[in-house]
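# Structural characterization, general
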Amino acid sequence: MNVAAELGNFLHVCCYAHTLNLACQRALKLPAVARLLGRVRRITAFFHRSSTASHVLEQKQALLELPKHKLKTDAPTRWNSGFDMVDRFLEQLAAICAVLLSPQVRKGAHDICTLSEGDVSGAEHLVKTLKPMKLATTTMSEESMPTLSIIAPLHTQLLTDFTPAPEDEDLRKRYTSTKERHTLHTASCLDPRFKALPFLSEDEKVETYSRVTTEAASSLEVMRQEAEVPEGEGDDMAEGHDDGEEDDAVQKVCDEALKLDEDGPSTPSTSRPSSLTALLGQTFNIAVTTAEPKSAHTRAEEEVRMYLEAPSLPLTDDPLEWWSTNHHVYPLLAKLAKRYLCIPGTSVAAERVFSTAGDIVSAQRSTLTPQHVDQLVFLHKNLVIPEL
């Protein structure tokens, strides 16, 4: 992906879920943290091996009125599995200690001991520190289409929550270039959920919306230029060299540009003098003036002001649906929203498609045709089966 972006001269924004994974993996490899995970892993692995310990654990859970949850063991490739392992261990700590102290279990577990008080404090601190990272990873992974706009607010919030923390240094190295920051801030301001930009300073907010206004005005200028009929086009049309599809496209752009220039009700057309004009024309001789079309920058400023005055969208709502409903109210900003909000903030959804295809095309189903594979993958990702 890096090479493709470099050859195409594109801005490459790294997958945010992958960024979070790298930061957390680095934190979990710290000597103190790795030693703590090893001790917890050793205890949970014992409970998975011993049926006696698992049975006694269920009895202790019922006696202590704890949730009847099984212990978890982490996987090396998924950092959040380590978080889940420690979190579940702390939840069942009282039952685990009671099991390991029971005579029937200690007979077969001579080398297993509970964590010390310092280890428990370290485990609690680890869970508290990594919980925001787990929530951020879940947010990026659960959303059907997490857009680029969510990265800047999440990134800033995590840096605030993690000060000081080992993974904080790794996160601060990400998204530091000017072009990356400008792109992330622009995407966030075009998302009606984050348009207030509370994670930026006042100067950065003004700068961000100034860039958006300039870009929106530029898009309108380009649209107006494309709507103008070039010289000599009439001769080409007379000679029969015009293309019907191109004429339709030009006409569509012209209509859209004219629609953007309309600032109010249309002015009345000049018709032949009426009897009312003959009688009252001298008394009510008010010249009908045609409003001058506003400049592109003025129109962009007005849209940005209206956009900021509108109430923000709740975090649980879909910004793409909001723009689909309100695109006619903010036509210039809607074009920028299509440009920026279509950029995914993570590659998790795309990678899941490969996992789905791997589950479908197995050794037992090797004779599936490519067409049937496409259909099955599409149905698996898009078919919604209502719960009975």
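Residues numbered from 1 in each chain as written. Predicted model: local features only at pLDDT ≥ 70, side-chain atom pairs only at ≥ 80, totals over all residues. Heavy atoms only, no water.

On to the overall build of the protein chain, then. From N to C terminus, the protein chain includes 20 helices and zero strands. Each of the 388 residues in the protein chain was classed as buried or not, and the buried ones make up 37%. Considering only residue pairs separated by 6 or more positions, the protein chain has 74% of its internal contacts joining residues 24 or more positions apart. As displayed, the protein chain offers around 24,600 Å² of accessible surface, 56% of which is attributable to carbon and sulfur atoms. (Helix = DSSP H or I, 4+ residues; strand = E, 2+ residues; numbered from the N terminus. Buried < 20%, exposed > 50% of the residue type's maximum accessible area, 1.4 Å probe, protein only. Contact = heavy atoms within 4.5 Å. Areas by Shrake-Rupley, 256 points an atom, 1.4 Å probe, with all protein chains shown as cover.)

With that settled, the discussion passes to the packing of helix 3 (residues 31–49) against helix 5 (residues 79–91). Packing of helix 3 against helix 5 leaves a shortest axis separation of 10 Å and a crossing angle of 65°. Relative to helix 5, the element helix 3 is oriented roughly perpendicular. Crossing handedness for the pair helix 3 and helix 5: left-handed. Listed contacts from helix 5 to Leu37, Val40, Arg41, Ile43 and Thr44 of helix 3 are Gly82, Met85, Val86 and Phe89. Here the residues of the contact of helix 3 with helix 5 sort into six nonpolar, two polar and one charged. (Axes fitted to C-alpha atoms, helices over the stretch in contact; angles between N-to-C directions. Parallel < 35°, antiparallel > 145°, perpendicular 65-115°, else oblique. Left-handed = near helix turned anticlockwise from the far one by under 90°. Nonpolar A, V, L, I, M, F, W, Y, C, P; charged D, E, K, R; others polar.)

All right, on to the packing of aromatic side chains then. For any two aromatic rings, the description comes down to two numbers: the centre-to-centre distance and the angle of the planes. Per the stated rule, a full pass over the model turns up eight aromatic pairs. Their ring planes at 25° and their centres at 5.7 Å tell us that Tyr307 and Trp323 sit as a pair that is stacked. With Tyr307 in helix 16 (residues 296–309) and Trp323 in helix 17 (residues 319–326), this pair connects stretches of sequence that are 16 residues apart. Relative to Tyr330, the ring of Tyr307 lies with its centre 5.8 Å away and its plane at 80°, an arrangement referred to as edge-to-face. (Phe/Tyr/Trp six-rings, centres within 6.5 Å; stacked < 30°, edge-to-face > 60°.)

Turning our attention to the side chain of Glu180. If you trace the backbone, Glu180 turns up in helix 11 (residues 178–189). Side-chain polar atoms of Glu180 contact the side chain of Ser177, separated by 3.2 Å. Excluding residues that lie within four positions of it along the chain, Glu180 makes contacts with Leu11, His12, Val13 and Tyr175. (Polar contact = N/O pair within 3.5 Å; in protein donor to acceptor, adjacent residues only side chain to side chain.)

Let us now look at unusual backbone geometry. The phi dihedral of Glu65 is positive, around 60°, even though this residue is not glycine. Relative to the helices and strands, Glu65 is located in the loop between helix 4 (51–63) and helix 5. Its identity as a non-glycine residue notwithstanding, Leu197 has a phi of 50°, on the positive side. In this fold, Leu197 is placed in the loop between helix 11 and helix 12 (202–227).

Where helix 12 meets helix 16, the closest approach of the two axes is 8 Å, and the angle between their N-to-C directions is 130°. Comparing the axis directions of helix 12 and helix 16 gives the class oblique. The way helix 12 lies across helix 16 gives a crossing that is right-handed. Side by side, helix 12 and helix 16 meet where Tyr209, Thr213, Ala216, Ala217, Leu220, Glu221 and Arg224 of the first sit next to Ala296, His297, Arg299, Ala300, Glu301, Val304, Tyr307 and Leu308 of the second. Across the contact of helix 12 with helix 16, the residue classes break down as nine nonpolar, two polar and four charged.

Quick look at the environment of Leu368 now. Structurally, Leu368 can be placed in the loop between helix 19 (348–360) and helix 20 (370–382). With near-sequence residues (within four places) excluded, Leu368 lies in contact with Ile360, Val373 and Leu376.

Confidence in the prediction of the protein chain, expressed as mean pLDDT, is 80, and 78% of residues score 70 or more. Overall, residues 234–247 carries pLDDT values under 50, and its contacts beyond four positions in sequence, including any with other chains, amount to five contacts. Low pLDDT, under 50, characterises residues 263–270; the predicted model gives this stretch four contacts beyond four residues in sequence or across chains. (pLDDT = per-residue confidence, 0-100.)

This next bit is on the pattern of salt bridges. Throughout the structure, instances matching the rule amount to eight salt bridges. For Arg39, the salt bridge identified is with Asp119, shortest N-O distance 2.6 Å. Of the two residues, Arg39 is situated in helix 3 and Asp119 in helix 8 (residues 117–142); the sequence distance between them amounts to 80 residues. Classification of Arg39 as partly exposed rests on a relative accessible area of 37%. In this structure Asp119 comes out as buried when scored by relative accessible area, which is 15%. The shortest N-O distance in the salt bridge between Asp84 and Lys134 comes to 2.8 Å. (Salt bridge = Lys/Arg side-chain N within 4 Å of Asp/Glu carboxyl O.)

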